[in-house]
Amino acid sequence: MWFSLAVTRFLWDKVTWERKRFKRNSPSRGLVLTPQPRLFLIYKTHSRPRRLSLRLAFMWKGKSAVTDSDSEFVDLNPTITYRHLLSHALGVKDPLRVIALCDSDAFYAGCEMVRLGVDPEQPLVVSQWDSIIAVNYPSRKFGITRMDKVKDAQKRCPNLVVVHVATYKEGDAEPEYWENPDTKTHKVSLDFYRRESNKIHNMFKESLPAGAELEKASIDECFIDFTRPVREELLRRYPHLAQAPPGAADTPLPPPPTTVTWNANLVSIRPKDDVANNLQESSTSTLGDPEPEDSLITWHDVALSVAVDMMQSARDQVRTKLGYSTSAGIARNKFLAKLTASYRKPNSQSVLRNAMIPHYLRPFPFQKIRFLGGKLGNAVAKEYEASTVGDLLAVSLDEFQRTFGEDSIWIWEIVRGIDRSEVKEKPPNSKSMGASKNLPTPVTMSCEGPHWIRVMAAELTLRLNDARKISPGLWPRTIALSTRQGWSATQRKQAPFPFLRNVTIDAVAAAGDKLWKELVGPLNSTKPLSTKITHVSLSFNGVEAGEVNQQGIEGFLSKAPSSPRKRKRQANSDDEEIVETLPASSSGESGPKPDIDYFICDRCKRRIALPEELTMFASELDEDTKKDALGSLRAEHQDFHFAQDLSKMPSDDERPEKPNPKWTVQPRKKGKHKDGGTNGEGIERFFTKR
DNA sequence: GTGGATGAG
DNA sequence: CGCTCATCCAC
């Protein structure tokens, strides 16, 4: 009895609340609630602990529910004028904007298939210790998924090829592939995949038509803005479009062709068909799908179809020359392109016409949208008892912003298919580089540290030197060591990292060791630590191209201390070479030694010393390392004289601030989303308030 | 500079 | 409690 009372009471409250919420959110839509609310019992399997959750939903009564009104979606069929077509700087407002997202299918697995030359039909997975981290498409047919254990997967598919990712062990300068690496002694390396990723990216750069913008979005994805090349192609194909009637640039374009050949999957209103078609090999099919009533071909559709062909040929290049299978999505903005790419995979491309946006978006589980996959998405789902984009359309902008802060306009827009973020080329290198390792057998004595530090130093060294092949002069402002005890507490220590022309494992390890000493204890102590260390990581931070020209004439010396942050010593002398007076070695004891810590230039008779950054932990560096560094310094100093001889160098003021201004670090806009600055980032901020 | 949180894959 | 990697932010 009490139970049913309680349930009744609960339901009543819930209904009342839902009704209020509904009214609040849809004040002026003229929608009517159905008399009978639908009650759903949802067993949430994602949440832990598992629990039952009650969900109430009202069916829209009226045209919204029945006829798929697209009223929430605006601008699906904008008028396109001559001015639009002929203008060159419309950016994200261009009504003919065409964006693609291309990602590699099961990338790590693809890499291994290429490396090993295995049959494309061969089921293959990539493992990391006992877990599977990548599953190629042939093995997906066996129901193998990402986090499965190797053992389980093999049971399901005896024929399975299992490749363990490359690993380092101490003493290795490069990662290698081992049959059965031991997690106690090895650490994994994803380097091979990074390199392959760069290859693909470069291949795209070469194969795309001029004017296309390319943005590497992750190790296996890139965005491409086809707007410009597509516009040019349109003008080639339809020359009459270039002839605006005199004085009538703002009149709409003449009617577009009535049919378009789609060399791609057309994202359709009927997902059922897709399941059926999903088995076909390469689904580059022309689907003359019956379209919803009003979907006449628009100029934007034509633009999409042109991009489809461009994307296809770039993908063909990657496939034939590098052996990687990719999938692409093409739509009016980045967000939709990304969504569209997942429509059908692998080895396929899909296109989302504007007219289809509402149909595709409404039933889409919004937690699959980038940045809504985590806690934020969960909070939103819970707050509004929502699971699909359609559910969220009922939430007003005000409501979002009340609950989730100003920035949540981003969500409001995204569920309406609006995304103004630009495709922007990013610097080829990331700002930080890290190597980390969970320790299955924890470190209990501080003398065990150097072992792992060496392993990680080897990896970082390789990666930094690798990155320098692309961007010479790259150097990390700091190096950081962090350790974790148990599952929570982490400690980190960081220190400046010197510019070294040749970064060696020894130098990096020495820096790491020094940090270890500060963080944990003496490098040779066998005294048991009070708390076991279960995790270590070594990372370079603030990795940026120093302001050097190719030959390093200015080197780091004239620049390193003038980075935005003030250094203690601004050692710029008049003729832009640094002549340092070596400070008394920070660790006291022996002073600077000639030919190790400094040298005297016999041309200018000046004393040239290693920079402070280096001497800060120089006492821990072996002399060879310091000699290396000093050798670099000599070379640079000679370069300096050489350059001075050739011509007088430009003064500081004449010299451009940055040698490579192609990418500018965009300051994060807080709060305000003025014009086009809505790009999803920053929304997380709301979360900290909880 | 340090510690923590978030997220992707 | 995969594991690895990246980024951002409050303090």
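Everything numeric here is computed off the predicted structure, so don't read it as measured data.

Conventions used here
Residues numbered from 1 in each chain as written. Chains lettered and ligands numbered in written order. Predicted model: local features only at pLDDT ≥ 70, side-chain atom pairs only at ≥ 80, totals over all residues. Heavy atoms only, no water. Near = heavy atom within 4 Å. Polar contact = N/O pair within 3.5 Å; in protein donor to acceptor, adjacent residues only side chain to side chain. Helix = DSSP H or I, 4+ residues; strand = E, 2+ residues; numbered from the N terminus. Nonpolar A, V, L, I, M, F, W, Y, C, P; charged D, E, K, R; others polar. Buried < 20%, exposed > 50% of the residue type's maximum accessible area, 1.4 Å probe, protein only. Pairing = 2+ DSSP bridges. Axes fitted to C-alpha atoms, helices over the stretch in contact; angles between N-to-C directions. Contact = heavy atoms within 4.5 Å. Parallel < 35°, antiparallel > 145°, perpendicular 65-115°, else oblique. Left-handed = near helix turned anticlockwise from the far one by under 90°. Phe/Tyr/Trp six-rings, centres within 6.5 Å; stacked < 30°, edge-to-face > 60°. Core = buried A, V, L, I, M, F, W, Y, C linked by side-chain atoms within 4.5 Å. pLDDT = per-residue confidence, 0-100. Salt bridge = Lys/Arg side-chain N within 4 Å of Asp/Glu carboxyl O.

Draft legend 1. Representation of the protein's contact with DNA strand B. With respect to spatial proximity, 13 residues lie near DNA strand B, and among them Arg-146, Phe-371, Lys-375, Arg-492 and Gln-494 are the closest. Within 4 Å of the protein, the contacting atoms of DNA strand B are 67% sugar and phosphate, with bases supplying the remainder. Contact between DNA strand B and Lys-375: a phosphate oxygen at 3.0 Å from a main-chain N or O atom of the residue. Interatomic distance of 3.3 Å between a backbone N/O atom of Leu-376 and a phosphate oxygen of DNA strand B. For the surface near DNA strand B, the secondary structure elements donating two or more residues are helix H13 (375-384) and strand S18 (490-496). Looking at the surface near DNA strand B element by element, the count peaks at 5 residues for S18. Here the surface near DNA strand B is composed, by residue class, of 3 nonpolar, 4 polar and 6 charged.

Draft legend 2. Layout of the side chain of Asp-172. Mapped onto the fold, Asp-172 is located in the loop between strand S9 (167-169) and strand S10 (186-188). Given the relative accessible area of 10%, Asp-172 is considered buried. A polar side-chain atom of Asp-172 sits 3.0 Å from the main-chain amide nitrogen of Lys-169.

Draft legend 3. The sheet that holds strand S17 (residues 474-485), seen in detail. If you walk across this open sheet you meet the 4 strands as S16-S19-S17-S18, and the pairing is antiparallel. At either end of the open sheet lies a strand with only one pairing partner, and these are strand S16 (433-445) and S18. Mean inter-strand twist for the sheet, computed between neighbouring axes without regard to direction, equals 15°. With 8 bridges joining them, S16 and strand S19 (residues 528-545) adopt antiparallel strand pairing. Looking at S19, one finds that Lys-437 is bridged to Val-536.

Draft legend 4. Up close: the sheet that holds strand S7 (residues 131-135). Spatially, S7-S6-S8 is the arrangement adopted by the 3 strands of the open sheet, whose pairing is mixed. Of all the strands in the sheet, just S7 and strand S8 (161-164) have a single pairing partner and so form its edges. Taken over all neighbouring pairs, the strand axes of this sheet differ in orientation by 35° on average, direction set aside. Where strand S6 (residues 124-128) and S8 come together, 4 bridges link them in parallel fashion. Its bridge partner being in S8, Ser-127 is matched across the sheet by His-164. Along the sheet face, helix H4 (residues 107-116) touches S6, S7 and S8 and points at about 110° away from the line of S6.

Draft legend 5. Quick look at the packing of H13 against helix H15 (residues 397-404). Where H13 meets H15, the closest approach of the two axes is 12 Å, and the angle between their N-to-C directions is 120°. In terms of their interaxial angle, H13 and H15 are classed as oblique. In this structure, H13 meets H15 at a crossing whose hand is right-handed. Mapping the contact onto sequence places Leu-376, Ala-379, Val-380, Glu-383 and Tyr-384 in H13 and Glu-399, Phe-400, Thr-403 and Phe-404 in H15. Class assignment for the residues of the contact of H13 with H15 results in 6 nonpolar, 1 polar and 2 charged.

Draft legend 6. Region of the structure containing the packing of aromatic side chains. Applying the stated criterion across every chain, the model contains 13 aromatic pairs. On the basis of an interplanar angle of 80° and a centroid distance of 5.4 Å, the ring pair of Tyr-384 and Phe-400 is categorised as edge-to-face. You can see Tyr-384 sitting in helix H13 and its partner Phe-400 sitting in helix H15, a full 16 residues away along the chain. For the pair formed by Tyr-384 and Phe-400, the shared burial category is buried. Judged by centre distance (6.1 Å) and plane angle (80°), the ring pair of Trp-475 and Phe-499 falls under edge-to-face. With Trp-475 in strand S17 and Phe-499 in the loop between S18 and helix H18 (505-519), the pair connects residues that are 24 residues apart, well separated along the chain.

Draft legend 7. Spatial organisation of the nonpolar core. Val-126, Phe-204, Phe-226, Leu-234, Met-311 and Ile-330 are the most contacted members of the largest nonpolar core, which totals 55 residues. In terms of residue count, helix H10 (residues 299-322) provides more of this core than any other element does, 12 residues in total.

Draft legend 8. Molecular detail of the confidence of the model for chain A. Confidence in the prediction for chain A averages 74 pLDDT; 65% of positions are at 70 or higher. Confidence drops under a pLDDT of 50 for residues 1-68, and excluding neighbours within four residues, the segment shows 80 contacts in the predicted structure. Here residues 639-690 is modelled with pLDDT under 50, and outside its nearest four sequence neighbours on either side it reaches 74 contacts, counting other chains as well.

Draft legend 9. Spotlight on the pattern of salt bridges. For the structure on display, the rule yields 25 salt bridges. Put simply, Arg-420 and Glu-413 hold a salt bridge, and the shortest N to O gap is 2.7 Å. Exposure remark for Glu-413: the relative accessible area of 6% places this residue in the buried category. Three or more residues are tied together by salt bridges with common partners; here these are Lys-187, Asp-191, Arg-194, Arg-195, Glu-459, Arg-463, Asp-466 and Lys-469.

Draft legend 10. Quick look at helix H8 (residues 227-237). Buried within H8 we find Thr-227, Pro-229, Val-230, Arg-231, Glu-233 and Leu-234. The inward-facing, buried residues of H8 contact helix H3 (82-86), strand S12 (221-225) and H10.

Draft legend 11. Structural view of the environment of Ala-545. The topology assignment puts Ala-545 in strand S19. Ala-545 gets classed as partly exposed once you look at its relative accessible area, which sits at 40%. Along the sequence, Ala-545 and Gly-417 sit 128 residues apart, while their C-alpha atoms lie 37 Å from each other. Dropping the residues within four chain positions of it, Ala-545 is found in contact with Gly-473, Leu-474 and Arg-477.

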